[in-house]
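Inside the fold
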Amino acid sequence: MARALIVVDVQNDFCEGGSLAVEGGIAVASAIAAYAAASDHDVVVATRDHHIDPGSHFSEDPDFVDSWPVHCVAGTPGAELRAELSGTRFDAVFDKGEFAAAYSGFEGRDHARGVGLADFLRDEGVTSVDVCGIATDYCVRATALDAAGAGFATTVLADLTAAVAPSNTARVVAEWEAAGVAVSGAPM
Ligand code: VGL
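Residues numbered from 1 in each chain as written. Predicted model: local features only at pLDDT ≥ 70, side-chain atom pairs only at ≥ 80, totals over all residues. Heavy atoms only, no water.

**As for the overall build of the protein chain**
Along the protein chain, the regular secondary structure elements total four helices and eight strands. Counting helices and strands in the order they occur from the N terminus, the protein chain gives β-α-β-β-β-β-α-β-α-β-α-β. Against the globule reference of 16 Å for 188 residues, the protein chain gives a C-alpha radius of gyration of 15 Å, in line with a compact fold. The dimensions of the protein chain, computed from C-alpha atoms along their principal axes, are 45 × 35 × 30 Å. Evaluated residue by residue, the protein chain yields a buried proportion of 52% over its 188 residues. Sequence-distant contacts, at least 24 apart, represent 73% of the contacts inside the protein chain between residues at least 6 apart. Of the roughly 8,000 Å² of accessible surface on the protein chain, a fraction of 53% belongs to carbon and sulfur atoms. In the protein chain, the 10 positive side-chain charges and the 28 negative ones have mean positions that sit 5 Å from each other. (Helix = DSSP H or I, 4+ residues; strand = E, 2+ residues; numbered from the N terminus. Rg over C-alpha atoms; globule rule 2.2 N^0.38 Å. Buried < 20%, exposed > 50% of the residue type's maximum accessible area, 1.4 Å probe, protein only. Contact = heavy atoms within 4.5 Å. Areas by Shrake-Rupley, 256 points an atom, 1.4 Å probe, with all protein chains shown as cover. Lys, Arg positive; Asp, Glu negative; His and termini not counted. Charge placed at Lys NZ, Arg CZ, Asp CG, Glu CD.)

**Some words on the environment of Ala186**
Residue placement: Ala186 occurs in the segment after strand S8 (182-184). Separated by 29 residues in the primary sequence, Ala186 and Leu157 place their C-alpha atoms 8.3 Å from one another. Those residues within four positions of Ala186 in sequence are excluded, and the remaining contacts are Ala158 and Asp159.

**Here we look at the environment of Val22**
Summarising the element assignment, Val22 is placed in the loop between strand S1 (2-8) and helix H1 (25-38). On the basis of relative accessibility, which here comes to 3%, the residue Val22 falls in the buried class. In this structure the C-alpha to C-alpha distance between Val22 and Ala165, which are 143 residues apart in sequence, comes to 8.5 Å.

**Considerations on the packing of helix H3 (residues 136-149) against helix H4 (residues 169-178)**
At a minimum axis separation of 10 Å, H3 and H4 run at an interaxial angle of 0°. In terms of orientation, H3 lies roughly parallel with respect to H4. Touching Thr136, Asp137, Val140, Arg141, Ala144 and Leu145 of H3 are Arg171, Val172, Glu175 and Trp176, all from H4. Per-class residue counts for the contact of H3 with H4 are five nonpolar, one polar and four charged. (Axes fitted to C-alpha atoms, helices over the stretch in contact; angles between N-to-C directions. Parallel < 35°, antiparallel > 145°, perpendicular 65-115°, else oblique. Nonpolar A, V, L, I, M, F, W, Y, C, P; charged D, E, K, R; others polar.)

**Looking at the pattern of salt bridges**
Throughout the structure, instances matching the rule amount to 11 salt bridges. The salt bridge involving Arg113 is made with Asp110; its shortest N-O contact spans 2.8 Å. Here Arg113 falls in the partly exposed class, since its relative accessible area comes to 47%. Residue classification places Asp110 among the buried positions, given a relative accessible area of 4%. (Salt bridge = Lys/Arg side-chain N within 4 Å of Asp/Glu carboxyl O.)

**A closer look at the pairing of strand S7 (residues 153-162)**
Burial within S7 is extensive, with eight of its 10 residues counted as buried. The sheet contact formed by strand S6 (residues 126-134) and S7 spans six bridges and is parallel. Note that in S7 the partner of Ser128 across the bridge is Ala153. In the classification by handedness, the crossover that spans S6, the intervening H3 and the parallel S7 is right-handed. Judged from the three bridges that link them, S7 and S8 form a sheet pairing that is parallel. Along S8, the bridge assignment pairs Val156 with Val183. In this fold, the crossover linking S7 to S8 by way of H4 has right-handed handedness. (Pairing = 2+ DSSP bridges. Right-handed = clockwise from strand over helix to strand, strands pointing away.)

Structural data, given as structure tokens:
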């Protein structure tokens, strides 16, 4: 009956100063670090967008819905986790999106361990997950929906997320609730 904290895509490129900056990203990075330090989750994992050649996910003329500026290129500083999380102990880190868009952390793998997120959590005895990070309306949305779909009791810590478009948040919260995902806290 272990509990996990899933920290989604809190990477330099998704925060102020990055190539696909989400407003409030740095504040969320700091708040997650403080939350993780004080929380008693049995397992803490991170996901990272980790692109090599993701095709039409990258565009010189992005629509910010299905296509995006170049971001989180594997091996570049933009793909690194924000420095605010340098003191957070992650049990595993799941990279996704090498050759195609991958919004959900459940599409990721911890390459050092050779395992995907769902199998890792099950191996750790995890039955419930709390999800936070960036962006509320894209990767946090998809990761939480997949967590619930995989059978984990899922809560989104909404005040530890930041959205690409805050106007999407009400729709996304409705999707989560329809899928049985609990939502705690007001989005930042
Ligand atoms: C994300 C847009 C494009 C995210 C990733 O992490 O939410 N958003 N790629």
